[in-house]
Amino acid sequence: MSFWENFVLLCKENGEKPTVVVSKLRLSSGNIARWKKGGSISLENGKKIAEHFNVQMERLTSDDAKAPPTTRHLE
């Protein structure tokens, strides 16, 4: 899965919309269009998103459709 697909999946799992998460984290809204087109995410933005969802970076960048679950589900 691409970063965008993983990000959208995490948003759905947590009842949030991608645009709202990007806004909450004060990231540029232009990132959304770039990510949808397959653009990569910066390390800094990836860390912010991973922290927001309480997951490891690998959960966002994994190509495996069976990426590890969010840590919220493990607590």
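Just so we're clear, the structure is a prediction, and the values are computed from it rather than from any experiment.

A.B. asks: Help me understand the overall build of the protein chain in this model?
C.D. replies: Per the secondary structure count, the protein chain includes 5 helices and 0 strands. Going residue by residue from the N terminus, the α and β elements of the protein chain occur as α-α-α-α-α. For the protein chain, with 75 residues in total, the buried portion stands at 39%. Restricting the contact set of the protein chain to residue pairs at least 6 apart, pairs at least 24 apart contribute 45%. By element, 51% of the accessible surface of the protein chain is carried by carbon and sulfur atoms, the whole surface being about 4800 Å².

A.B. asks: Explain the confidence of the model for the protein chain here, please?
C.D. replies: Predicted coordinates in areas of low pLDDT are best not read in detail. Residues of the protein chain with pLDDT of at least 70 account for 85%, and the chain-wide mean is 87. When pLDDT is averaged over each element of the protein chain, helix H2 (residues 18-24) comes out on top at 97 and helix H5 (residues 57-61) at the bottom at 91. In this model, residues 70-75 is a region of pLDDT below 50 whose contacts with residues beyond four sequence positions or in other chains number 14 contacts.

A.B. asks: In this structure, what is going on with helix H1 (residues 3-13)? I would like to understand it.
C.D. replies: Every α-helix carries 3.6 residues per turn, so stepping three or four residues along brings you back to the same face. All of the buried residues in H1 are Phe3, Trp4, Asn6, Phe7, Val8, Leu10 and Cys11. Buried residues along H1 sit against H2, helix H3 (30-36), helix H4 (43-53) and H5. In the stretch just after H1, glycine 15 is the one whose phi turns positive, near 65°.

A.B. asks: Is there a simple way to explain the pattern of salt bridges in this structure?
C.D. replies: For side chains of opposite charge, pairing can occur when their charged atoms come near one another. Scanning the model with the defined rule gives 3 salt bridges in all. The partner of glutamate 16 in a salt bridge is lysine 24, with the nearest N and O atoms 2.8 Å apart. Judged by its relative accessible area of 17%, glutamate 16 is buried.

A.B. asks: Which parts of the structure should I look at to understand the environment of serine 2?
C.D. replies: Mapped onto the elements, serine 2 comes out in the segment before H1. Judged by its relative accessible area of 31%, serine 2 falls in the partly exposed class. Linking serine 2 and aspartate 63, residues 61 residues apart in sequence, is a C-alpha distance of 6.2 Å.

A.B. asks: Before we go on, may I ask you to explain the packing of aromatic side chains in this structure?
C.D. replies: Each aromatic ring pair is summarised here by two numbers: the centre-to-centre distance and the angle between the ring planes. Counted under the stated rule, the structure contains 5 aromatic pairs. Relative to tryptophan 35, the ring of phenylalanine 3 has its centre 4.9 Å away and its plane inclined at 75°; by these criteria the two rings are edge-to-face. Taken together, the residues phenylalanine 3 in helix H1 and tryptophan 35 in helix H3 connect sequence positions 32 residues apart. On the basis of relative accessible area, tryptophan 35 is assigned to the buried category, the value being 1%. Their ring planes at 70° and their centres at 6.3 Å tell us that phenylalanine 7 and phenylalanine 53 sit as a pair that is edge-to-face. Here phenylalanine 7 is found in helix H1, whereas its partner phenylalanine 53 is found in helix H4, with 46 residues between them in sequence. A single burial state applies to phenylalanine 7 and to phenylalanine 53, both of which are buried. Three or more aromatic residues joined by ring pairs make a cluster, and in this case those are Phe3, Trp4, Phe7, Trp35 and Phe53.

What counts and what doesn't
- Residues numbered from 1 in each chain as written.
- Predicted model: local features only at pLDDT ≥ 70, side-chain atom pairs only at ≥ 80, totals over all residues.
- Heavy atoms only, no water.
- Helix = DSSP H or I, 4+ residues; strand = E, 2+ residues; numbered from the N terminus.
- Buried < 20%, exposed > 50% of the residue type's maximum accessible area, 1.4 Å probe, protein only.
- Contact = heavy atoms within 4.5 Å.
- Areas by Shrake-Rupley, 256 points an atom, 1.4 Å probe, with all protein chains shown as cover.
- pLDDT = per-residue confidence, 0-100.
- Salt bridge = Lys/Arg side-chain N within 4 Å of Asp/Glu carboxyl O.
- Phe/Tyr/Trp six-rings, centres within 6.5 Å; stacked < 30°, edge-to-face > 60°.

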